[in-house]
Amino acid sequence: MAKATLIIFLAAVLIGVSYTMEKIQQPKAPDAKSYFDNGGRLRLISSSHQDIAWMDSPQKCIQYRDEHCITPALEMMAKNPDYCFVMENMLNLMEYIERHPDRKADILRYTKEGRLEWGATFNQPYESLLSGEELVREVYFGRRWLKKNFPGCDALVYFNPDVPGRALQMEQILSKAGVPYMVISRYHEGFYRWASPDGSSVLAYSPGHYTNSSAMLNAKPVEGAKAIAQKLAKWTPYYQQHNIPPEFPLLNSVDFSKPTDFGPLIDLWNGQQKTRAGAPASRMQYSSTRGFFESLAKNDPAFERVMGERPNLWLYIDGPTHHWAISAHREAGFLLPAAEAFNTVNALLGGSFKDYPAKTMEEAWLAAIYPDHGWGGKEGQITDRLFRKKYEFARDKGKEMLASALQAIGARVKTDPAKGRPFVVFNTLSWPRTGPATVTLKRTPASFIIQDGQGRVMPHQMLPPLPGQSPDDLRLEFIAQDVPALGYKAFYMTQAEIHLFVQPQVVVAPPRQDADQFENEFYKIELVPGGVKSIFDKELKQEILNSRKFLGFEVFTMRSVGEDAGEFSRVQQPTMEGFDKLSAHRTPWKFEAEESGPVKFVFGMTQTMSDCAIKERLIVYNSIKRIDCEVSLLGWDGSPYREYRLAVPVAAPEGRVAYEVPMGVVEVGKGEVPGTGGPAYGSLVYDELLSQIRPREVQNFLNVSDSRFGLTMSTSVAVNDYRDPTSDPVNYPVLQAVLLATRRSCHGEGNWHLQEGDHHFRFSVVSHAPGWRNGYRPGIQANVPLFAVIDLSPAAGASLPEAKSFFSASAGNIVFSTIKKNEDDDSVIVRCYDIEGKDADVQMDFFAPVEKAELVNMIEEEGRTIPSQKNSLKLKVGHHAIETVKLYPSKLRRD
């Protein structure tokens, strides 16, 4: 994506520059004898950095990779048995084989020989944008796919050199998938033992910037050799200090670089080398990246250890500039694992995986991870449209597969018609839940109640019809209490007069139409024009908002000049030009009686701004501790360089901020990689402390906690902030969702990301005892609905009880990320992780009997038998660890 870098590189080649792009500190002239003279090897790695598109439309880039990268590389390997070439991801191979199935034998041969190398992941993503399971699927459709489709081949190096961001748990995923090496850049040049907080790690190499060696390698051989000698002299002390074998990488890579014959440079270098006192001189040779890493790891060098999240500088390319696409992606992120889990349950209940939707599941996962880091670019409107369609396909297939499985399982539940009209509510999360569930009905009794199988009455209310909804469809919302983890619970609708002695649902007195204050069991809330002035937690006896500058749930707008990604050292922050906020317009809230009832009370307001209308709905639940806020930007006109945010100012000046990342939580100021990103090339230096980078990519929630209380905000957007971004910032945390930003692609011929139209968002807050560990469950579950199945047709012999958990863990810190059919057989894969950062002795219970259990790696290989019983096993899960278990069901038909 680094167009500026590409221009610099081409200019360097044209004038035969004899130095590298590292201008921060020019190396001194080489000593007469260097560390590499004594048998050192210079490993020339010929590679090509590949976005899916960005340089042009996706289809043209596929054609380019074929005609100018892979096919020429195969021809060069056929002519020169020493030549090696690297393509950075597996998608490139998949595309090429689809176009050239006749070249599979050649690819198999050269890949087996280690001369043709493929990156170990499907593509090169924004790591912290993806869900944890999506990161795992990167290696499923990377290393695992290669081993399965090209027997005898392997991929051991992860490439993601362009993106200035690293996810906290990515190294654990790589390590436990059998990928020991990683090539990155836009970070201090050097070699690192890059670790995840559980202790697992990979050996990483950063050249500072992935293009840095290309100028000297492509210069005239004499000038290039001089520059290389200077480079070796500069790095001699580093190698000696860390006890690194004299193996040095020379990575030739720019955007879409072609295979290059470096024979003249190699011949010149090797011809000039003389032996000293019988010791062999350094030699230059073609090499794979894997070959270099394996030689580097000899002697157990003392590499610097790095651990933590590197917040992504290019995050404006995510949700703010692609809201509709990223919204579909975030939905797919929870729908696909849920679809896997409940289709697996349904297969186990039926005794066969015959109807398990394996092909559709694979297609949906591939679509969910297809978009890489190359949004926008030349013909960016084509790329962005394709990426959005991929995400929507993944979301829609996830919905379909989940709905089908839940309907089938619901039909197996033995409900009691005497208790009323049944419907079954499913919980896809790892802990029991109480929360709102919505069903659509064709008819209801004139007067009815909702109760569970034990006769407990649930708060319920009818909802107004949605736009375009049939008048025959009636929407009912109720609070489903105590739905088991990864399971279900049956509820019944019955006529109220049949149950005269059942305690009726509690109804809170509605506020007046013009009320500015509202109170329920949990909160006392004060509304003012433009937002919420006060939320007082009655249980904790604490005010949780500081509305001195921003009101709670106040939308504001700023100027947002910048690009989606590119060659900048810090996130391009919004500025005060055109600043506006809802409270400046004095728009009052109105109580929405039609939307309100025993379940919740709703307040709304609409305000027209210069470029859109803002509609807000504040939703206060009566029987559960939860406040939601829905925001719509209606008729957004796509004004360039404009940004909208939602603010939640927290009355905790000493509060610490934490937020969810894939399979973990980062505490701001503590969980990031220490220091800065360092020099990249030329004048580009990532000089900001990584702990100071903001906004951040967030999975489901942010939290602020001090010694008095904690506040967790569930967010529907990918990019969120926690500091006041204005020119006169306050000293307390201001949680913010970055709703929308209109910026342009960093490509010189790239597109604007204007996103004209309507945009809808939803957020939820809850206050609790101090600490994010007391708030992450509601923070996650507000984004993952309970799923209700109605109009059940009970299957013959329906025998499931009215409530059941199919899989559960005894330790509360354990989260299941997926339960799925094994890729190759009819065993079951269960993956879980510790979210709280503590060791646990876990008893895992499952409803289906198993013959045995194995602990496997992240891609379902290398099984090791672990003790298990018929319906349970015990497993030690270390702090921050991700573990994958393989279960062998004992009662399956082999169809």
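Everything discussed here concerns the structure shown above.
Keep in mind the model is a prediction, meaning the values are calculated, not measured.

Colleague: I keep staring at the overall build of the protein and nothing clicks. Help me out?
Modeller: Tallying secondary structure elements over the protein gives 14 helices and 48 strands in all. Its C-alpha atoms give the protein a radius of gyration of 29 Å, near enough to 29 Å, the size a compact globule of 895 residues would have. When the backbone C-alpha atoms are referred to their principal axes, the protein occupies close to 100 × 65 × 45 Å. Of all 895 residues assigned to the protein, the portion counted as buried reaches 63%. Taking contacts inside the protein between residues at least 6 apart in sequence as the whole, the part at least 24 apart equals 75%. As displayed, the protein offers around 32200 Å² of accessible surface, 51% of which is attributable to carbon and sulfur atoms. The averaged location of the 108 negative side-chain charges in the protein is 3 Å from the averaged location of its 101 positive side-chain charges.

Colleague: What's the story with the packing of aromatic side chains in this structure? I'm lost.
Modeller: How two aromatic rings sit relative to each other is set out by the distance from centre to centre and by the angle between their planes. Evaluated as defined, the whole model comprises 46 aromatic pairs. Summarising the aromatic geometry, the rings of Y83 and Y286 are spaced 4.8 Å apart at their centres and angled 75° between planes, so their arrangement reads as edge-to-face. With Y83 in the loop between helix 2 (58-79) and strand 2 (85-87) and Y286 in strand 9 (residues 283-286), the pair connects residues that are 203 residues apart, well separated along the chain. Neither residue differs from the other here; Y83 and Y286 are each classed as buried. For the ring pair F191 and F292, a centre distance of 5.9 Å and an interplane angle of 45° mean the geometry is tilted. Here the residue F191 occupies a position in strand 6 (residues 190-195), and F292 occupies one in helix 10 (residues 289-296), the gap between them amounting to 101 residues. Classification of F191 by relative accessible area gives buried; the value is 2%.

Colleague: Please clarify how the sheet that holds strand 35 (residues 710-715) should be interpreted in this entry.
Modeller: Think of a sheet as strands paired side by side through backbone hydrogen bonds, with each pair either parallel or antiparallel. What the nine strands build is an open sheet, ordered 24-25-26-27-38-35-34-29-30; its pairing is antiparallel. Each end of this open sheet is capped by a strand with a single partner; those strands are strand 24 (590-591) and strand 30 (664-667). Pairing of strand 27 (residues 627-636) with strand 38 (residues 757-768) involves eight bridges; the strand directions are antiparallel. Residue pairing in the sheet places L633 in a bridge with H759 of strand 38. Its contacts with the sheet put helix 11 (residues 323-350) on strand 35 and strand 38, and the angle it makes with strand 38 is roughly 50°.

Colleague: What is the right way to look at empty space enclosed by the protein in this model?
Modeller: Where empty space is left can be seen by rolling a probe of water-molecule size over the atoms. Within the structure shown, the criterion is met by four cavities of 30 Å³ or more. Residues that form the lining of the largest cavity fall into these classes: eight nonpolar, no polar and no charged.

Colleague: Explain helix 5 (residues 132-149) here, please?
Modeller: Every α-helical turn comprises 3.6 residues, leaving residues that sit three or four positions apart pointing alike. Look at helix 5: 25 Å from first C-alpha to last across 18 residues, which is about the 26 Å you get at 1.5 Å a residue. Of all the bends in helix 5, the greatest, near 25°, is centred on Y140.

Colleague: Just to check I follow, could you spell out the packing of helix 12 (residues 358-369) against helix 13 (residues 380-410) for this structure?
Modeller: The angle between the axes and the distance between the axes are what describe a pair of packed helices. Two elements in contact, helix 12 and helix 13, have axes whose closest approach is 7 Å; the angle formed by their N-to-C orientations is 145°. Helix 13 is crossed by helix 12, and the crossing has left-handed handedness. Seen from helix 12, the contacting residues are T360, M361, E363, A364, A367 and A368; seen from helix 13, they are K390, Y391, F393, A394, K397 and M401. For the contact of helix 12 with helix 13, a count of residues per class yields eight nonpolar, one polar and three charged.

Colleague: Got a minute to help me understand the packing of helix 2 against helix 3 (residues 90-99) in this structure?
Modeller: Packing of helix 2 against helix 3 brings their axes to within 10 Å, and their N-to-C directions diverge by 85°. Here helix 2 lies roughly perpendicular to helix 3, going by the angle between them. Facing Q59, I62, Q63, R65, D66, I70, T71 and L74 of helix 2, the residues of helix 3 in contact are N92, E95, Y96 and R99. Across the contact of helix 2 with helix 3, the residue classes break down as four nonpolar, four polar and four charged.

Colleague: Explain the pattern of salt bridges here, please?
Modeller: Working definition: two side chains of opposite charge can pair if their charged atoms are close together. In total, this model carries 59 salt bridges according to the counting rule given. As a salt-bridge pair, R186 and E567 come within 3.0 Å of each other at their nearest N and O atoms. A residue pair is termed long-range when its members are at least 10 positions apart, and R186 in the loop between strand 5 (181-183) and strand 6 and E567 in the loop between strand 22 (554-559) and strand 23 (575-581) qualify at 381 residues. For R186, a relative accessible area of 0% translates into the label buried. A network of salt bridges, in which partner residues are shared, links E592, E595, R617, R626, D628, E630 and R762.

Reading the values: the criteria
- Residues numbered from 1 in each chain as written.
- Predicted model: local features only at pLDDT ≥ 70, side-chain atom pairs only at ≥ 80, totals over all residues.
- Heavy atoms only, no water.
- Helix = DSSP H or I, 4+ residues; strand = E, 2+ residues; numbered from the N terminus.
- Rg over C-alpha atoms; globule rule 2.2 N^0.38 Å.
- Buried < 20%, exposed > 50% of the residue type's maximum accessible area, 1.4 Å probe, protein only.
- Contact = heavy atoms within 4.5 Å.
- Areas by Shrake-Rupley, 256 points an atom, 1.4 Å probe, with all protein chains shown as cover.
- Lys, Arg positive; Asp, Glu negative; His and termini not counted.
- Charge placed at Lys NZ, Arg CZ, Asp CG, Glu CD.
- Phe/Tyr/Trp six-rings, centres within 6.5 Å; stacked < 30°, edge-to-face > 60°.
- Pairing = 2+ DSSP bridges.
- Axes fitted to C-alpha atoms, helices over the stretch in contact; angles between N-to-C directions.
- 1 Å grid on protein atoms, 1.4 Å probe; cavity = no way out; pocket = protein on both sides within 12 Å on 5 of 7 lines; lining within 4 Å.
- Points joined across faces, edges and corners; volume = space filled by probe spheres on them.
- Nonpolar A, V, L, I, M, F, W, Y, C, P; charged D, E, K, R; others polar.
- Expected span 1.5 Å × (residues − 1).
- Bend = angle between axes of the 7 residues up to and from the residue.
- Left-handed = near helix turned anticlockwise from the far one by under 90°.
- Parallel < 35°, antiparallel > 145°, perpendicular 65-115°, else oblique.
- Salt bridge = Lys/Arg side-chain N within 4 Å of Asp/Glu carboxyl O.

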